[in-house]
Amino acid sequence: MMEETVSSSSPSIFSLGRGRSFFCLRSILLLGFHVAASSAFSTPIFQETATLQRTAPSKTIGVEIELPDFDEMFRRIQAVSPLARLAVQGGGSGEGGGFAVVDDNILPEGQKWKNLERSKRKIVHQVDRIDNFQNLGPPLLRWRASMKGPCHGLSFADFIMNVEKRQMWDPQIESVCELYPINDLDTANIAMGFGKYGDCEKLGVGYTKTKAHPIGISPREQLTLCGIQKFDDGSAVIWGTELEEWHNHLMPAGERQTRARSHLFSIALVPTGEDSFDAEYSLQLDFGGNLPHWMTAPLVLDSVKSMFGVAQPFFEKDEAGELEKTLREEKIQGEKFEDRNSILFTP
């Protein structure tokens with residue numbers, strides 16, 4: 001019987017708690033920054049040689065997390081996602097911002113996007129792809145959506161990282177869990193260059209497992225390092241990168257499943273007003289096994305569009321008041337942080 005799909009939307013990502021903000025100055029670091037989109041993704045993100053690795057403690061005693069080459073990782077993300085590039089460089093939020101001001105002339109690896117869908121009347125108004133990106137087999141896919149409601153990265157990430165919200169649009173998912181959150185987010189922010197890529201609100205190793213399908217589909221699993229970046233103008237970048245074979249000791253106990261891999265994953269969010277924002281979802285997902293990529297790509301396309309359809313009412317209507325509560329709590333925490341700073345830095 002032919003084997004079918006894994007959860008067709010995203011990499012292994014952890015369930016979210018509420019992070020606290022670490023505010024950094026980044027304007028100086030961004031001066032002169034340029035994305036070299038035409039160069040190949042040849043620089044490794046992780047190092048197999050232990051002496052070359054940069055690690056940080058997790059909240060689990062004795063478990064270290066290898067940190068990626070953040071410059072290389074965000075270079076790749078910005079090369080494929082103009083909206084992510086806009087979020088990092090700044091100056092493109094607010095009315096008339098977002099997709100209206102992105103630079104689509106910088107192409108990843110010099111390759112051209114093939115447009116699959118375009119409709120201004122839909123939430124997801126554009127879908128593009130590059131086949132066999134980086135000669136890795138699966139296509140690189142990109143969805144563009146314009147959403148109503150406040151731009152909030154942590155809440156948006158819940159629709160991928162929280163198992164209950166994920167199951168609202170992804171029936172294949174069995175488990176999405178945070179295995180090893182980083183012990184101190186300041187460590188991640190320092191490794192990223194003190195605000196060069198915003199404020200890291202969340203970082204850790206996550207695990208995803210999918211269900212076996214009644215017609216004989218075997219489960220898949222992923223082990224990924226994931227994070228969320230927040231920027232001063234309210235923009236956010238949600239990212240994930242697959243961990244390597246030498247990280248397999250971090251896998252949870254149990255029978256191993258066919259490994260799926262996300263070669264590249266990011267979601268960029270940029271506010272276009274007080275109650276609107278643009279979102280760009282970029283994903284290159286390898287299902288593993290022997291399924292042809294031409295068969296799995298349409299499943300991925302439809303799955304991610306479903307996610308946007310489920311997320312839109314939450315941000316626009318917030319009928320349960322969950323988003324309003326989150327924003328209110330964050331405002332209170334932010335005021336406490338500012339009050340603390342005013343005491344600490346008063347001569």
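Refer to the structure printed above.
Across its full length, the protein carries 8 helices and 12 strands. Looking at the protein residue by residue over its 347 residues, the buried ones come to 54%. A fraction of 71% describes how many contacts in the protein between residues 6 or more apart in sequence connect residues 24 or more apart. Of the roughly 15,800 Å² of accessible surface on the protein, a fraction of 52% belongs to carbon and sulfur atoms.

With that out of the way, let us pick up the layout of surface pockets. Empty space within the second largest pocket amounts to approximately 370 Å³. Lining the second largest pocket are 20 residues, and of these Ile45, Arg76, Leu136, Glu244 and His263 lie nearest its centre. Elements that contribute at least two residues to the lining of the second largest pocket include exactly β9 (236-242) and β11 (261-273). Broken down by element, the residue count for the lining of the second largest pocket peaks at 4 residues, all from β11. Of the residues belonging to the lining of the second largest pocket, the class tally is 9 nonpolar, 7 polar and 4 charged.

The geometry of an aromatic ring pair is captured by two quantities: the separation of the ring centres and the angle between the planes. Scanning all chains against the criterion turns up 15 aromatic pairs. When the ring of Phe74 is compared with that of Tyr197, the centres are 4.4 Å apart and the planes differ by 20 degrees; the resulting orientation is stacked. Taken together, the residues span a long stretch of sequence, with Phe74 in helix α2 (residues 70-80) and Tyr197 in the loop between α6 (185-192) and β7 (199-210) at a distance of 123 residues. Judged by its relative accessible area of 1%, Tyr197 falls in the buried class.

What follows covers the packing of α2 against helix α3 (residues 82-89). It is the contact of α2 with α3, at a shortest axis distance of 5 Å, that shows an interaxial angle of 125 degrees. When the axis of α2 is compared with that of α3, the two are oblique. Here Ile77, Gln78, Ala79 and Val80 of α2 lie close against α3, whose contacting residues are Pro82, Ala84, Arg85, Val88 and Gln89. A class-by-class count of the residues in the contact of α2 with α3 yields 6 nonpolar, 2 polar and 1 charged.

Below, the discussion takes up the nonpolar core. In terms of nonpolar packing, the biggest core is built from 38 residues, with Phe70, Met192, Leu203 and Trp239 touching the most fellow members. Looking at this core, the elements with two or more residues in it are β2 (64-67), α2, α3, α6, β7, β8 (220-230), β9 and β11. Counting residues per element, this core draws most heavily on α3, at 5 residues. Each residue touching Met192, except ones within four places of it in the same chain, is listed here: Phe70, Phe74, Tyr197, Cys200, Leu203, Gln229 and Trp239. Ranked by size, the runner-up nonpolar core spans 35 residues in total, among them Ala157, Leu285, Phe315 and Leu323.

A few words on empty space enclosed by the protein. Throughout the structure, instances matching the rule amount to 2 cavities of 30 Å³ or more. Each pocket or cavity is described by its volume, and for the largest cavity that value is around 60 Å³. Lining the largest cavity, in full, are Ile45, Met73, Arg76, Ile77, Trp239, Gly240, Thr241, His263, Leu264 and Phe265. If you list the elements that add at least two residues to the lining of the largest cavity, you get α2, β9 and β11. Class assignment of the residues belonging to the lining of the largest cavity gives a composition of 6 nonpolar, 3 polar and 1 charged.

Let us look at α3. Buried residues dominate α3, accounting for 7 of its 8 residues. One or two residues past the end of α3 sits Gly90, with phi positive at roughly 80 degrees.

Quick look at the pairing of strand β1 (residues 54-57) now. Summarising the sheet, β1 and β2 pair through 4 bridges and their orientation is antiparallel. The residue bridging Arg54 from the neighbouring strand is Leu67, located in β2. Hairpin connection, β1 to β2: the antiparallel pair is bridged by 6 residues, and Gly62 has positive phi, about 90 degrees.

Reading the values: the criteria
- Residues numbered from 1 in each chain as written.
- Predicted model: local features only at pLDDT ≥ 70, side-chain atom pairs only at ≥ 80, totals over all residues.
- Heavy atoms only, no water.
- Helix = DSSP H or I, 4+ residues; strand = E, 2+ residues; numbered from the N terminus.
- Buried < 20%, exposed > 50% of the residue type's maximum accessible area, 1.4 Å probe, protein only.
- Contact = heavy atoms within 4.5 Å.
- Areas by Shrake-Rupley, 256 points an atom, 1.4 Å probe, with all protein chains shown as cover.
- 1 Å grid on protein atoms, 1.4 Å probe; cavity = no way out; pocket = protein on both sides within 12 Å on 5 of 7 lines; lining within 4 Å.
- Points joined across faces, edges and corners; volume = space filled by probe spheres on them.
- Nonpolar A, V, L, I, M, F, W, Y, C, P; charged D, E, K, R; others polar.
- Phe/Tyr/Trp six-rings, centres within 6.5 Å; stacked < 30°, edge-to-face > 60°.
- Axes fitted to C-alpha atoms, helices over the stretch in contact; angles between N-to-C directions.
- Parallel < 35°, antiparallel > 145°, perpendicular 65-115°, else oblique.
- Core = buried A, V, L, I, M, F, W, Y, C linked by side-chain atoms within 4.5 Å.
- Pairing = 2+ DSSP bridges.

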